[in-house]
Amino acid sequence: MPLSLSSSPTAAAAATTAASGAAHRFLYPHRPCLHRAGKNFVVLAFVPCRASSVARGLIRGMADVETQKAASPSLLAGHKQALISLSDKRDLSLLGNGLQGLGYSIVSTGGTAFALEEAGVSVTKVEEITHFPEMLDGRVKTLHPSIHGGILARRDHNHHMEALSRYNIGTFDIVVVNLYPFYEKVTSANGITFEDGIENIDIGGPTLIRAAAKNHKDVLVVVDHKDYPAVLEFLQGKQDDQHFRRKLAWKAFQHVASYDSAVSEWLWKQTEDGDKLPPSFTVPLSLKCTLRYGENPHQKAAFYDDKSLSLVNAGGIATAIQHHGKEMSYNNYLDADAAWNCVSEFKNPTCVIVKHTNPCGVASRQDILEAYRLAVKADPVSAFGGIVAFNTTVDEDLAKEIREFRSPTDGSTRMFYEIVVAPKYTEKGLEILRGKSKTLRILEAKKSEKGMLSLRQVAGGWLAQDSDDLTPEDIKFTVMSERIPQEAELQDAEFAWLCVKHVKSNAIVIAKNNCMLGMGSGQPNRVESLRIAFRKAGEEAKGAALASDAFFPFAWKDAVEEACQNGIRVIAEPGGSIRDGDAVDCCNKYGVSLVFTNVRHFRH
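Residues numbered from 1 in each chain as written. Predicted model: local features only at pLDDT ≥ 70, side-chain atom pairs only at ≥ 80, totals over all residues. Heavy atoms only, no water.

An unreviewed UniProt entry annotates the protein as AICARFT/IMPCHase bienzyme of Musa troglodytarum. In its Sequence similarities (unreviewed entry) section, UniProt records this for the protein: "Belongs to the PurH family." (UniProt positions renumbered as here; feature names shortened; annotations may be inferred.)

Shown next, in the form of structure tokens:
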């Protein structure tokens, strides 16, 4: 057996013999009863309490008994111990046998100890060290001075080492722990009761990790199975590398912080009627990949997955599968996200083309090939080098059209795209698109869920708001003018209004027959955006619908009158200006329909 503190002289002698070839390591047990260990939180609540004189006497008596039972401190000299307790037991055999081969005795519990023994590794059970059985349905196992004293003692402090010697506590050199899968439990498809969620909160594991990470100068702390080879290689070296130790300590604290974030988020959802804006919260981010550069080549950048519980199975570009092409860039992610969010809003087969996060072409048709052609036609110059998104499967015919379609500007230049994104591809469709270009990024994405919290950073803080999920079906278009729009005109207004929602403010969209004809975006005043939209729409603007993301502050000799004079038949805007009456009077003069949505769609 590996080295252990034993009540039996015979066992102690046997342990001493075994220790010459084996080393001792302990990890907080996440054995079959991991959910019970999580309840060690109860113990933590009682640790600071002052004991009565009677209780202190009992404790001293128990300590005396344990001192008599325990092995001599001299047996601990020169021995290396590792504590291992794992929920995720991947590569455990590699780790256990590697440590044992390096002369470490291994301490473990429950399922981890059993798995190590099955792998041929000698193990000391943690209760052999604490001389105390697990209790409270497993809530108390490792919260004991014989464990934490051996982790937290500073080797360069004589009084620390003297205290360990006085109470016959051995030191731990390595602590390997990962936590019970609370995240997976509370996000499982079958759901979980509140009581079961509480029982799945790990307490002992985080305590072990934090203790080892704090004392990383003397104790290696490992929380990721991917680090096992590097740790074994490090232990084989002759020189101590404090940078390596600090990196593992950082990773350990980050591991616990992410875990606590999930627990906190889950508990908040059980209170306050699910308010999305709690007094404080953390966002757990996990590095997905580093990027060549940021928005510009001189800026470093990376892409992180958001591991918040609310985003599990929520879809979106972050979880998209890339089937082909160059690695995604910072700007690619932004543009793909804008294109996917826009096309996902439409119920009918739709194509959206985006450039610099603005939709420059949108069209809906039962024939998706026609929708694609019309989307390109809306602004072929901007569409070249853009992102094309579909809300339907890309099959062989559509893939051929994407590959071969020529720009309407000259009829000969093949359209070039950075990204194609769709919910699904046929096998043949993928094959054809892969043949278009080696660099074309082909993404398969799941529709983004509604009701998400939107975050945006400003210097020194963050802005949080509900996502803008309203669609034409969610609102009422109120006719304000004398002229009532025809059914087809109202449908055009609804289509334009859904498009303008995704255009940067100040935003104007002109549309007809479920097709965007022109848009103006990002101008400091609404009149300039309107004029840009008309330049792109050309003569097709006559008889079309116009949507504005916000109200018109002026009507006469301004945007509303210009729209009427250019042949627009229906205008959709939120209303709310002190001069709304002027807009109504202007539309009445020109015989144009005016509808108010009472919903603004600013996008900054």
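Moving on, there is more to tell.
Helices and strands together make up the secondary structure of the protein, namely 23 helices and 22 strands. By the burial criterion, 49% of the 604 residues in the protein qualify as buried. Of the contacts made within the protein by residues no fewer than 6 positions apart, 66% connect residues no fewer than 24 positions apart. For the protein, the computed accessible surface area is about 29,000 Å², with 52% contributed by carbon and sulfur atoms. (Helix = DSSP H or I, 4+ residues; strand = E, 2+ residues; numbered from the N terminus. Buried < 20%, exposed > 50% of the residue type's maximum accessible area, 1.4 Å probe, protein only. Contact = heavy atoms within 4.5 Å. Areas by Shrake-Rupley, 256 points an atom, 1.4 Å probe, with all protein chains shown as cover.)

Attention now moves to the sheet that holds strand S22 (residues 593-596). The strand order S17-S22-S21-S20-S18-S19 describes an open sheet built from 6 strands, whose pairing is mixed. At either end of the open sheet lies a strand with only one pairing partner, and these are strand S17 (478-479) and strand S19 (516-520). With 4 bridges joining them, strand S18 (residues 508-511) and S19 adopt antiparallel strand pairing. Residue pairing in the sheet places Ile508 in a bridge with Gly520 of S19. Across the sheet, helix H21 (residues 526-537) touches S18, S19 and strand S20 (545-548), and the angle it forms with S19 is around 150 degrees. (Pairing = 2+ DSSP bridges. Axes fitted to C-alpha atoms, helices over the stretch in contact; angles between N-to-C directions.)

A full pass over the atoms with the stated rule returns 11 aromatic pairs. Their ring planes at 65 degrees and their centres at 6.3 Å tell us that Tyr372 and Tyr417 sit as a pair that is edge-to-face. Remark: Tyr417 occurs in strand S13 (residues 417-422) and Tyr372 occurs in helix H16 (residues 368-378); sequence separation between them is 45 residues. With relative accessibility at 2%, the residue Tyr417 sits in the buried group. Between the aromatic rings of Phe384 and Phe416, the centroid separation amounts to 5.9 Å while the plane-to-plane angle is 50 degrees, which identifies the pairing as tilted. Of this pair, Phe384 sits in the loop between helix H17 (380-383) and strand S12 (386-390) while Phe416 sits in the loop between helix H18 (396-404) and S13, and the two are 32 residues apart along the sequence. Judged by its relative accessible area of 34%, Phe384 falls in the partly exposed class. Members of the aromatic cluster, connected to one another through ring pairs, are Phe182, Phe194, Tyr259 and Trp266. (Phe/Tyr/Trp six-rings, centres within 6.5 Å; stacked < 30°, edge-to-face > 60°.)

Turning to a nonpolar patch on the surface, a few remarks are in order. The grouping of Leu277, Phe281, Val283, Leu285, Leu287, Tyr304, Leu453, Leu455 and Trp462 at the surface amounts to a nonpolar patch, some 850 Å² of accessible area in total. Looking at the nonpolar patch, the elements with two or more residues in it are strand S7 (285-291) and strand S15 (453-458). Looking at the element boundaries, Val283 is found in the loop between helix H14 (242-269) and S7. Its relative accessible area of 32% is what places Val283 among the partly exposed residues. (Patch = residues over 30% accessible without salt bridge, like charges linked within 9 Å, V, L, I, M, F, W, Y side chains within 5 Å. Salt bridge = Lys/Arg side-chain N within 4 Å of Asp/Glu carboxyl O.)

Summed over all chains, the structure comprises 22 salt bridges. Between Lys251 and Asp224 there is a salt bridge; the shortest N-O distance is 2.9 Å. Here the residue Lys251 occupies a position in helix H14, and Asp224 occupies one in the loop between strand S6 (220-222) and helix H13 (228-236), the gap between them amounting to 27 residues. Overall, Asp224 belongs to the buried group, its relative accessible area being 18%. Ionic pairing is found between Asp549 and Arg526, a salt bridge with its closest N-O pair at 2.4 Å. Of this pair, Asp549 sits in the loop between S20 and helix H22 (559-565) while Arg526 sits in helix H21; the two residues are 23 residues apart in sequence, bridging distant segments of the chain.

Right, let's talk about unusual backbone geometry for a bit. In this structure, the amide linkage connecting Ser505 to the following residue, Asn506, adopts the cis form with an omega of -10 degrees. Within the secondary structure layout, Asn506 lies in the loop between helix H20 (487-500) and S18. At Asn513, a residue that is not glycine, the phi angle is positive and equals roughly 55 degrees.

This paragraph deals with the nonpolar core. Counting 56 residues, the largest nonpolar core has Tyr372, Phe390, Ile510, Leu546 and Ile571 as the members making the most contacts within it. Ranked by the residues each element gives to this core, the list is headed by H16, at 7 residues. Membership of the second largest hydrophobic core comes to 44 residues, among which are Ala339, Val354, Ala445 and Ala511. (Core = buried A, V, L, I, M, F, W, Y, C linked by side-chain atoms within 4.5 Å.)

Moving on, we come to the pairing of strand S8 (residues 301-306). Side chains Ala301, Phe303 and Asp305 project from S8 onto a buried face, and the interleaved Ala302, Tyr304 and Asp306 project onto a face without burial. As judged from the 6 bridges shared by S7 and S8, these two strands associate in the antiparallel manner. Paired with Cys289 across the strands is Phe303, a residue of S8.

In contact at an axis separation of 8 Å, H18 and helix H19 (residues 427-434) are set at 10 degrees when each is read in the N-to-C sense. Our classification of the angle between H18 and H19 gives roughly parallel. The handedness of the crossing between H18 and H19 is right-handed. Of H19, the residues touching H18 (which contributes Glu396, Ala399, Lys400, Ile402 and Arg403) are Lys428, Gly429, Ile432 and Leu433. Its residues assigned to classes, the contact of H18 with H19 shows 4 nonpolar, 1 polar and 4 charged. (Parallel < 35°, antiparallel > 145°, perpendicular 65-115°, else oblique. Left-handed = near helix turned anticlockwise from the far one by under 90°. Nonpolar A, V, L, I, M, F, W, Y, C, P; charged D, E, K, R; others polar.)

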